[in-house]
Structure formats: structure tokens, C-alpha cells
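Each chain is listed here by its residues.
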Amino acid sequence: MTSADWAVFWSISWRLTLAMVLAAAIGLEREISGRPAGLRTHMLIMLGVLCFCETGKALGGDPGRVASQVVTGIGFLGAGTILRLGPEVKGLTTAASIWATAAIGMAISAGGPYLLVGTFATVVTVFVLFFLNRIEVRFFPNVHGRTLIVEVEGEAQVGQVINALASRQIVIRELERTASDNGVAMQFRLSGDIADLPKQLAEIEGVRSASWL
């Protein structure tokens, strides 16, 4: 390799390193939230986008054409994370984060001032995913739902808890149930009239604890 080749290698390598760090920041938030596309997925997407864009430039191709093909491919990946569960559609935010990650990868590939644009876009993306989600859950629980942890002594209380939720017309979006010798632990994702709900459930005989996550 010539000195010019090495210069190109190091130029792309450090941009690739920056891109991986930015993708990891977005993917880590999705991983913590338990979403299907997490740390590895976002990092691999960023890697692929950057390599496609850089290789396209090296081969003398039209950057706009390469970008359009990348966007098409990312659209298919994003669609794969979207699921319809009854009346709910899940995975839209993860699909959007994949889309944003690809866009950031293109910005990093462009170099120059777009390195700062990509870095700032990552900060904004993480803020939207992490902090705005908590604001939505805190102030708009009827729309976005809230997670409730309930521990009961046995199976008999499981039905009582569900009946208590139904009596208040609370919608159970998700339910995870873990049984052990010490009792049953349930994790609900709820929306509706959930004010003072833990206090009400704690009054049921056999319910050991009820608290918001």
C-alpha cells in the first residue's frame, strides 16, 4: 500500500470508530429498554452504511444513488421490527431509531462539518429515546401505558388482581408472569384509570406488594 492508501485507510478508520461509538449509544438505549433491535443491530447498521457510502465514493459512483439504495435497505430492516399485537402496533420507535442510525452513518461518511452534525444528531436521538419516553410515561400514562409490578402469595390472587383491573376498565397491554415456591410475580403494562392503583391492589388479601416500575 502507498502512503496515499494508508492516509485513506486511517481517515476511514477513525470515522468508522466514531460511528461505532455513536451507534452504540443509540443501541444501548434500545437494549436497556428490551427492544428487538439493540446494541449489535445498530452498530452493524452503522458499519454497513458507512462501508457502502465509502466504497461507493471510492468506485466513483453517484453518492446520491448509493444513499438512496441504503435508505431502501434500511426501510426493509425497519419494517422487520414492527409488529401488530391486537389493537397495538409495536416497534415503530425502534424502526425510527434504525432509520436515524443510518442517516447518522451517512453524515459521518460525508466528513467535514457533518461529523459534528452526526454527533449532535446522536445526542438528540438518545435524548428523544431515553428522556422523552419517561416524560410520556409519567405525564401521559393513559396513552402510553405504565409498568406495574405485583407480587402475590399464590395463583388465587392472580385472578383477583386481574378482576380488580377489569373492574376499573384498565387495559392490560402486556403481562409477564413468573411463578416460584415463594409466590407469583407479575409485571403489567397498563393504561387507563391507573390513579392510586398500587394502593388499591395492596388492599387485596394475599397481595404482598404493588408498585410502579
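Everything here concerns the structure above.
Quick notes on the rules
Residues numbered from 1 in each chain as written. Predicted model: local features only at pLDDT ≥ 70, side-chain atom pairs only at ≥ 80, totals over all residues. Heavy atoms only, no water. Pairing = 2+ DSSP bridges. Helix = DSSP H or I, 4+ residues; strand = E, 2+ residues; numbered from the N terminus. Axes fitted to C-alpha atoms, helices over the stretch in contact; angles between N-to-C directions. Contact = heavy atoms within 4.5 Å. Buried < 20%, exposed > 50% of the residue type's maximum accessible area, 1.4 Å probe, protein only. Salt bridge = Lys/Arg side-chain N within 4 Å of Asp/Glu carboxyl O. Disulfide = S-S within 2.5 Å. Parallel < 35°, antiparallel > 145°, perpendicular 65-115°, else oblique. Left-handed = near helix turned anticlockwise from the far one by under 90°. Nonpolar A, V, L, I, M, F, W, Y, C, P; charged D, E, K, R; others polar. Patch = residues over 30% accessible without salt bridge, like charges linked within 9 Å, V, L, I, M, F, W, Y side chains within 5 Å. Areas by Shrake-Rupley, 256 points an atom, 1.4 Å probe, with all protein chains shown as cover.

Draft legend 1. Representation of the sheet that holds strand β5 (residues 183–191) within the structure. Pairing is antiparallel across the open sheet formed by 4 strands, whose spatial order is β4-β5-β3-β6. Both edges of this open sheet fall to β4 (171–180) and β6 (207–212), since each of them pairs with a single strand only. Sheet twist, expressed as the mean angle between neighbouring strand axes with direction ignored, is 15 degrees. Most of the contacts of helix α7 (residues 155–167) go to β5, to which it runs at about 15 degrees, and overall it touches β3 (146–152), β4, β5 and β6.

Draft legend 2. Main features of unusual backbone geometry. Even without glycine at this site, Q169 takes up a positive phi of about 55 degrees. Looking at where Q169 falls in the secondary structure, it is placed in the loop between α7 and β4. Look at Q169 and you get exposed, because its relative accessible area is 71%.

Draft legend 3. A look at the pattern of salt bridges. Considering all chains together, one arrives at 4 salt bridges under this definition. Taking the shortest distance from any N to any O, the salt bridge between E155 and R177 comes out at 2.2 Å. Remark: R177 occurs in strand β4 and E155 occurs in helix α7; sequence separation between them is 22 residues. On the basis of relative accessibility, which here comes to 45%, the residue E155 falls in the partly exposed class. Since its relative accessible area comes to 42%, R177 is described here as partly exposed. Taken together, the shared-partner salt bridges connect R15, E54 and K57 into one network.

Draft legend 4. Here's a closer look at the state of the cysteines. In total, this model carries 0 disulfides according to the counting rule given. With no disulfide of its own, C53 has C51 as its nearest cysteine by sulfur position, at a separation of 9.5 Å.

Draft legend 5. The arrangement of the packing of helix α1 (residues 3–32) against helix α2 (residues 39–58) in detail. Taken N-terminus to C-terminus, the directions of α1 and α2 make an angle of 150 degrees; their axes are 7 Å apart at the nearest point. Considering their axes alone, α1 and α2 lie roughly antiparallel with respect to each other. The handedness of the crossing between α1 and α2 is right-handed. Residues that form the contact of α1 with α2 fall into these classes: 14 nonpolar, 2 polar and 6 charged.

Draft legend 6. Local environment of the pairing of β4. Sheet analysis places β4 next to β5, joined by 9 bridges and oriented antiparallel. Paired with V171 across the two strands is S191, which belongs to β5. Here β4 folds back onto β5 in antiparallel fashion, the turn holding 2 residues.

Draft legend 7. Structural context of a nonpolar patch on the surface. Taken together, the side chains of F120, V124, F127, V128, F131, L132 and I135 define a hydrophobic patch exposed on the protein surface, amounting to about 620 Å² of accessible area. Position of F131 relative to the elements: it lies in helix α5 (residues 114–139).

Draft legend 8. View of the packing of helix α3 (residues 63–80) against helix α4 (residues 92–110). Between α3 and α4, the least distance of the axes is 9 Å, while the angle of their chain directions is 160 degrees. It follows from the interaxial angle that α3 and α4 lie roughly antiparallel. The two elements α3 and α4 cross, and the hand of that crossing is right-handed. The residues of α4 that touch α3, namely those facing A67, V70, V71, I74, G75 and G78, are A95, I98, W99, A102 and M106. Its residues assigned to classes, the contact of α3 with α4 shows 9 nonpolar, 2 polar and no charged.

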